[in-house]
Amino acid sequence: MSAQADPVLATKSQSRVWKKFRSHRSAMLGGILVTFFILVALAAPILPIPDPAATDWGAVRKPPSAAHWLGTDEIGRDVLARMVWGAQASLLAGVVSVGIALLLGVPLGILAGYFGGWTDAIISRCTEALLAAPFLILAIALAAFLGPSLTNAMIAIGISAMPIFVRLTRGQVLNIKTADYVESAHAIGLPNYRILSRYIFPNVLPPILVQATLTIATAIIAEASLSFLGLGQQPPAPSWGSMLNTAKNFLNQAPWMAMWPGIAIFLVVLGFNLLGDGLRDALDPREH
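Residue positions are counted from 1 within each chain, in the order its sequence is given. Reporting of local features is limited, given that this is a predicted model, to residues whose pLDDT is at least 70; pairs of side-chain atoms are given and counted only at 80 or more, and all residues count toward the totals for whole chains, interfaces and linings. The basis for the side-chain values is all heavy atoms of the structure; hydrogens and waters are excluded.

## A word on the overall build of the protein
A count of helices and strands for the protein gives ten helices and zero strands. Under the DSSP-based scheme used, a helix requires at least four consecutive residues in state H or I and a strand at least two consecutive residues in state E, with every element numbered from the N terminus. N-terminal to C-terminal, the α/β element order of the protein is α-α-α-α-α-α-α-α-α-α. Across its three principal directions, the C-alpha atoms of the protein cover 80 × 45 × 30 Å. Exposed residues in this analysis have more than 50% of their type's maximum accessible area, buried residues have under 20%, and partly exposed residues fall in between, with area computed by a 1.4 Å probe over protein chains only. The buried share of the protein, taken over its 288 residues, is 45%. Here the Shrake-Rupley method, with its probe set to 1.4 Å, supplies the accessible areas, and only the displayed protein chains count as covering residues. Carbon and sulfur atoms form 67% of the exposed surface of the protein, whose accessible area is close to 14400 Å². This count recognises Lys and Arg as positive and Asp and Glu as negative, with His and chain-terminal groups excluded. The atom standing in for a charge is NZ when the residue is Lys, CZ when it is Arg, CG when it is Asp and CD when it is Glu. Across the protein, the mean location of the 19 positive side-chain charges is 5 Å away from that of the 15 negative side-chain charges.

Next comes the structure, spelled out in structure tokens:
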């Protein structure tokens, strides 16, 4: 019987997972970084910062000062304000893109792994066709086809990331469906939907959760890349990628314009990667 089928075993398992995660120092650091950026993004409307789109032609490309803590950009906009509001776009793109990939990929992977046959063949061949193109190239092509906007960029990234979850879920289901407790469920005549919801899905969820955390970091980089190319968040709305695109023209005169969004992207991606590594170690059944 799986731990998910027994409330007592499930509680003990969750306690072990939390203890293992809490002892993972780099994972805790990743959690702190991710939490910090999430809080900054959520608090953007109430923070005492200027309008990120407000221009000041008397303060063009000013270095960091008491008036503008992170300096100003090429048309006098406050870089700190644009950084804070840009966090919303980056985190939203990461979470929504991965959400799209999960909604599309996990059900397809479960169907392919559980039912096999022609269902598995069709889904697997389509997945392999998508995997034949590099992730970022496919995202750029889809974003260019859909048109430049943050919404279309999220859809493009989500579709591009979907094959990862299809293959992962399929592989996990293939392993789990031959387990004794699943065979016993078949033997007593449980319908497929009960087996899938009670035994299959809960046991494929941990690796999917780990992969989703790691993929959010990849999606944030992809959104920044698309915005850098003009296919993501559109001006004057702030985005770390579009800020880097503008800053590349002023690296000698105003290096802070590129430094701050670059550091932010690095830290938030590092946070999600450390968090994902910690979750992978904590949820690994071989460690329990």
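## Considering the pattern of salt bridges
Only one rule defines a salt bridge in this text: a Lys or Arg side-chain nitrogen within 4 Å of an Asp or Glu carboxyl oxygen. The tally for this structure, following the rule as stated, stands at six salt bridges. In this structure, Asp73 engages Arg82 in a salt bridge whose closest nitrogen and oxygen atoms are separated by 3.9 Å. Like Asp73, the residue Arg82 is buried in the burial classification. Close ionic contact of Asp120 with Arg170 constitutes a salt bridge, the shortest N to O distance being 2.7 Å. Of this pair, Asp120 sits in helix H4 (residues 117–131) while Arg170 sits in helix H6 (residues 150–176); the two residues are 50 residues apart in sequence, bridging distant segments of the chain. Residues participating in the shared-partner salt-bridge network are Asp73, Glu74, Arg77 and Arg82.

## Looking at unusual backbone geometry
Omega for the bond connecting Pro235 with Pro236 falls within 30 degrees of zero, at 5°, which places this linkage in the cis form. Despite not being glycine, Arg61 shows a phi value in the positive range, around 50°. Mapped onto the elements of the fold, Arg61 is located in the loop between helix H2 (25–43) and helix H3 (79–115).

## Some thoughts on a nonpolar patch on the surface
Patch criteria: residues need more than 30% relative accessible area and no salt bridge. Like-charged residues are merged within 9 Å; nonpolar side chains of Val, Leu, Ile, Met, Phe, Trp and Tyr are merged within 5 Å. On the surface, Leu108, Leu111 and Phe115 cluster together into a nonpolar patch covering about 240 Å² of accessible area. Inspection of the secondary structure assignment puts Phe115 in helix H3.

## Focus on the packing of aromatic side chains
For Phe, Tyr and Trp, where Trp contributes only its six-membered ring, two rings pair if their centres lie within 6.5 Å, and the inter-plane angle classes them as stacked under 30 degrees, edge-to-face over 60, or tilted in between. Counted under the stated rule, the structure contains four aromatic pairs. When the centroid spacing of 5.9 Å and the interplanar angle of 75° are considered together, the rings of Phe37 and Trp240 count as edge-to-face. Taken together, the residues Phe37 in helix H2 and Trp240 in helix H9 (residues 240–247) connect sequence positions 203 residues apart. Taken as a pair, Phe37 and Trp240 share a single burial class, namely buried. One aromatic cluster is present, formed by Phe36, Phe37 and Trp240 through successive ring pairs. By the criterion adopted, a ring carries a charge over it if an Arg CZ or a Lys NZ lies within 6 Å of its centre and within 35 degrees of its normal. The residue whose ring lies beneath Lys248 is Phe228, and the NZ or CZ to ring-centre distance is 5.7 Å.

## Examining the packing of helix H7 (residues 180–187) against helix H8 (residues 192–228)
Here an axis means a line fitted to C-alpha atoms, over the contact stretch when the element is a helix, while the angle between two N-to-C directions is reported on a 0 to 180 degree scale. Look at H7 against H8: their axes get within 10 Å of each other, and the N-to-C directions meet at 170°. As the angle between them shows, H7 and H8 are arranged roughly antiparallel. Counting all contacts with H7, which are made through Tyr181, Val182, Ala185 and His186, the residues of H8 involved are Asn192, Ile195, Tyr199, Ile200 and Asn203. Roughly parallel refers to an angle under 35 degrees, roughly antiparallel to one over 145, roughly perpendicular to one between 65 and 115, and oblique to any angle outside these ranges. Contacts are assigned to residue pairs that have any heavy atoms within 4.5 Å of one another.

## Regarding the environment of Asp56
Relative to the helices and strands, Asp56 is located in the loop between H2 and H3. Sequence separation between Asp56 and Gly76 is 20 residues; the distance between their C-alpha atoms is 4.5 Å. For this analysis, a polar contact is any N or O atom pair within 3.5 Å, provided that within protein one partner can donate a hydrogen and the other can accept it, and provided that sequence-adjacent residues contribute only side-chain to side-chain pairs. From its side chain, Asp56 meets the backbone nitrogen of Gly58 in a polar contact 3.1 Å long.

## Things to note about the environment of Phe135
Along the chain, Phe135 falls in helix H5 (residues 135–146). A C-alpha to C-alpha distance of 17 Å links Phe135 and Phe228, two positions 93 residues apart in sequence. Every residue in contact with Phe135, bar those within four places of it in the chain, is listed here: Ile157, Ser160, Ala161, Thr218 and Ala222.

## Notes on the packing of H3 against H6
Between H3 and H6, whose axes approach to 5 Å, the crossing angle comes to 35°. Our pair here, H3 against H6, has a crossing hand that is right-handed. Within the contact of H3 with H6, the residues separate by chemical class into 24 nonpolar, six polar and one charged. It is the rotation of the near helix from the far one that decides the hand of a crossing: anticlockwise by less than a right angle makes it left-handed, clockwise makes it right-handed. By the convention adopted, Pro, Cys, Tyr, Trp, Phe, Met, Ile, Leu, Val and Ala count as nonpolar, Lys, Arg, Asp and Glu as charged, and the other residues, Gly among them, as polar.

## Comments concerning the confidence of the model for the protein
Looking at the protein, the pLDDT average stands at 88 and 93% of residues meet or exceed 70. Scored below 50 in pLDDT, residues 1–5 makes eleven contacts in the model with residues more than four places away or belonging to other chains. Each residue carries a pLDDT score, the predictor's confidence in it, ranging from 0 to 100.

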